[in-house]
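Breakdown of the fold
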Amino acid sequence: MINLAIIIMGILMIIAAIYAFRTEKLINSIIASGVISLIVSVIFLILAAPDVAMTEASIGSALTTIVFLYALVKIKAKLNGGDDA
Amino acid sequence: MLRTVLIYVVIIALAMIFIPIARENMEKQDLSDLSKEYVKNSIDKLETQNVVTSVVVTYRGLDTLGEVTVLFLATSGVGFLINRRKKRKSKIRQASEILNTGSFFIFPIIVLFGVYVFVHGHLTPGGGFQGGVLIASAFVLMMLVNNNSDLNHLVLESIEAISGFSYVIIAALGLILLGSFLDPTFLPMGKLGMLFSAGAIPLIYSFVGLKVGAELTNIIDSLRNESTESEEVTK
């Protein structure tokens, strides 16, 4: 039962990872990579490592995603600014 | 087309590496000699319920000190590279009413949970690093709500400096009083499972938690100021 759950979550992770580099919009791939971290943290919890799961959930899926979003804001500002004209 | 196929081939080849690891992965039925010693000593000598904490803070305490130093260097690097000018009002859209109300409700709960995690590091799963990261994520939520808010970097940096310094002082106290660096048994040990037990381990974890929380908040705030500022310049 637990093995089945882990396998399903692994397949979900692979789907999210493929989506992250196939999609056109950058914001979608940032959110997909956050989803991967969230699933990994659930797997860590199932494998009896609650402290690692806590770190992964807050660093991987919250803080890293936010930092990527700030970087995206900066990139968009550069592109709209007319530097590439 | 060829490029996409090549990418998939590389990914599948990388996945093949993990197959033998997965096949040999068995759940261990008994502890090795070293683990037995750690488990026995952490209950008998250190009075620490959470064996992971007793390993991380005492037996491998020097590694933890190294990790904290690495984080400190990362924060100094970010602060050095990103110059903090006077911030003007950014043109980013204000947060919606739902996010605003919800996050003011949830912010104290997250901070309280973070403090609980690092104060109870010797009893329940988690510890200084996890608690600090939780506190930092609460502050990031407030940054999302309030785009123009200004954090007081002097306070953050003093919290970081004082707690880092106290960590080293506690480590050195172990060396002076008991003759081994990072020995937490110079304080009264208390009873197994009580909040005030396990010598200096809760103290060390509280300082690590404060330090990590202040550092991560500082890094994210610096990156945020950088991103909104550049938008201001180009528009």
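Within chain B, the secondary structure is distributed over eight helices and zero strands. Starting at the N terminus, the α and β elements of chain B follow one another as α-α-α-α-α-α-α-α. Relative to its length of 235 residues, chain B is extended, with a C-alpha radius of gyration of 23 Å against a globular reference of 18 Å. Considering only C-alpha atoms, chain B reaches an extent of 65 × 55 × 35 Å along its principal axes. Out of the 235 residues in chain B, the part that is buried amounts to 31%. A separation of at least 24 residues holds for 70% of the contacts in chain B among residues at least 6 apart in sequence.

Our next topic: the overall build of chain A. Looking only at helices and strands, one finds three helices and zero strands in chain A. Counting from the amino terminus, helix and strand elements in chain A follow one another as α-α-α. Here chain A has a C-alpha radius of gyration of 16 Å; the compact-globule value for 85 residues is 12 Å, and the former is much larger. Dimensions of chain A along its principal axes, counting C-alpha atoms only, are 55 × 25 × 10 Å. Burial statistics for chain A: of 85 residues in total, 14% are counted as buried. For chain A, the proportion of contacts with a sequence separation of at least 24, taken over those separated by at least 6, is 41%.

All names here are of chain B. Where helix α5 (residues 97-119) meets helix α6 (residues 128-145), the closest approach of the two axes is 8 Å, and the angle between their N-to-C directions is 165 degrees. Between α5 and α6, the angle falls in the class roughly antiparallel. In this structure, the crossing between α5 and α6 has a hand that is left-handed. Contacts between α5 and α6 involve Leu99, Asn100, Ser103, Phe107, Ile110, Val111, Phe113, Gly114, Val115, Val117 and Phe118 from the first element and Gly128, Gln130, Gly131, Gly132, Leu134, Ile135, Ser137, Ala138, Leu141, Met142 and Val145 from the second. Its residues assigned to classes, the contact of α5 with α6 shows 14 nonpolar, eight polar and no charged.

Per-residue confidence for chain A averages 85 on the pLDDT scale, and 94% of its residues sit at or above 70. Least confident of the elements in chain A is helix α3 (residues 50-80) of chain A, whose mean pLDDT is 85; most confident is helix α2 (residues 26-46) of chain A, at 91.

Attention shifts here to the environment of B:Glu160. Residues and elements named next belong to chain B. Of note, Glu160 is situated in helix α7 (residues 153-178). Given 22 C-beta atoms within a 10 Å radius, Glu160 is considered buried. Contacts of Glu160, omitting those with residues within four sequence positions, involve Lys211, Ala214 and Glu215.

With that settled, the discussion passes to α3(A). Residue and element names in this part refer to chain A. Between the first and last C-alpha of α3 there are 44 Å, a value that for 31 residues agrees with the 45 Å anticipated at 1.5 Å per step. At Thr64, α3 shows its maximal kink, close to 25 degrees. Here α3 has its buried residues at Asp51, Ala53, Met54, Thr55, Glu56, Ala57, Ser58, Ser61, Ala62, Ile66 and Ala77.

Here we take up unusual backbone geometry. For A:Ala48, which is not glycine, the phi dihedral falls at a positive 65 degrees. With respect to the helices and strands, the residue A:Ala48 is situated in the loop between α2 and α3.

Glancing now at the confidence of the model for chain B. It should be kept in mind that the predicted coordinates are not to be read in detail where pLDDT is low. The predicted model of chain B averages 81 in pLDDT, with 92% of residues at 70 or higher. Taken over the whole predicted complex, pTM reads 0.81, whereas the ipTM for its chain interfaces reads 0.79.

Residues B:Tyr167, B:Ile204 and B:Val208 are the most contacted members of the largest nonpolar core, which totals 34 residues. Mapped onto this core, the elements with two or more residues apiece are α3 of chain A together with α3 (51-59), α4 (61-81), α5, α6, α7 and α8 (201-234) of chain B. Among the elements that line this core, the one with the most residues is α8(B), at eleven residues. Leaving out residues up to four positions away in the same chain, B:Tyr167 has contacts with B:Val68, B:Ile204, B:Phe207 and B:Val208.

Two numbers describe a pair of packed helices, the interaxial angle and the distance between the axes. All names here are of chain A. Two numbers describe how α2 lies on α3: the axes approach to 7 Å, and their chain directions differ by 175 degrees. Taken together, the axes of α2 and α3 are roughly antiparallel relative to one another. Touching Leu26, Ile27, Ile30, Gly34, Ser37, Leu38, Val40, Ser41, Phe44 and Leu45 of α2 are Pro50, Val52, Ala53, Glu56, Ala57, Gly60, Ser61, Thr65, Phe68, Leu69 and Leu72, all from α3. Tallied by class, residues from the contact of α2 with α3 come to 14 nonpolar, six polar and one charged.

It is worth spelling out the environment of B:Pro188 at this point. Residue and element names in this part refer to chain B. Within the element layout of this structure, Pro188 appears in the loop between α7 and α8. The class for Pro188 is exposed, based on 9 C-beta atoms found within 10 Å. Put simply, Pro188 and Ala198 are ten residues apart on the chain and 7.7 Å apart in space, counted from C-alpha to C-alpha.

Reading guide: rules and limits
Residues numbered from 1 in each chain as written. Chains lettered and ligands numbered in written order. Predicted model: local features only at pLDDT ≥ 70, side-chain atom pairs only at ≥ 80, totals over all residues. Helix = DSSP H or I, 4+ residues; strand = E, 2+ residues; numbered from the N terminus. Rg over C-alpha atoms; globule rule 2.2 N^0.38 Å. Buried ≥ 20, exposed ≤ 12 C-beta atoms within 10 Å, placed from the backbone. Contact = placed C-beta atoms within 7 Å. Axes fitted to C-alpha atoms, helices over the stretch in contact; angles between N-to-C directions. Parallel < 35°, antiparallel > 145°, perpendicular 65-115°, else oblique. Left-handed = near helix turned anticlockwise from the far one by under 90°. Nonpolar A, V, L, I, M, F, W, Y, C, P; charged D, E, K, R; others polar. pLDDT = per-residue confidence, 0-100. Expected span 1.5 Å × (residues − 1). Bend = angle between axes of the 7 residues up to and from the residue. Core = buried A, V, L, I, M, F, W, Y, C linked by C-beta atoms within 7 Å.

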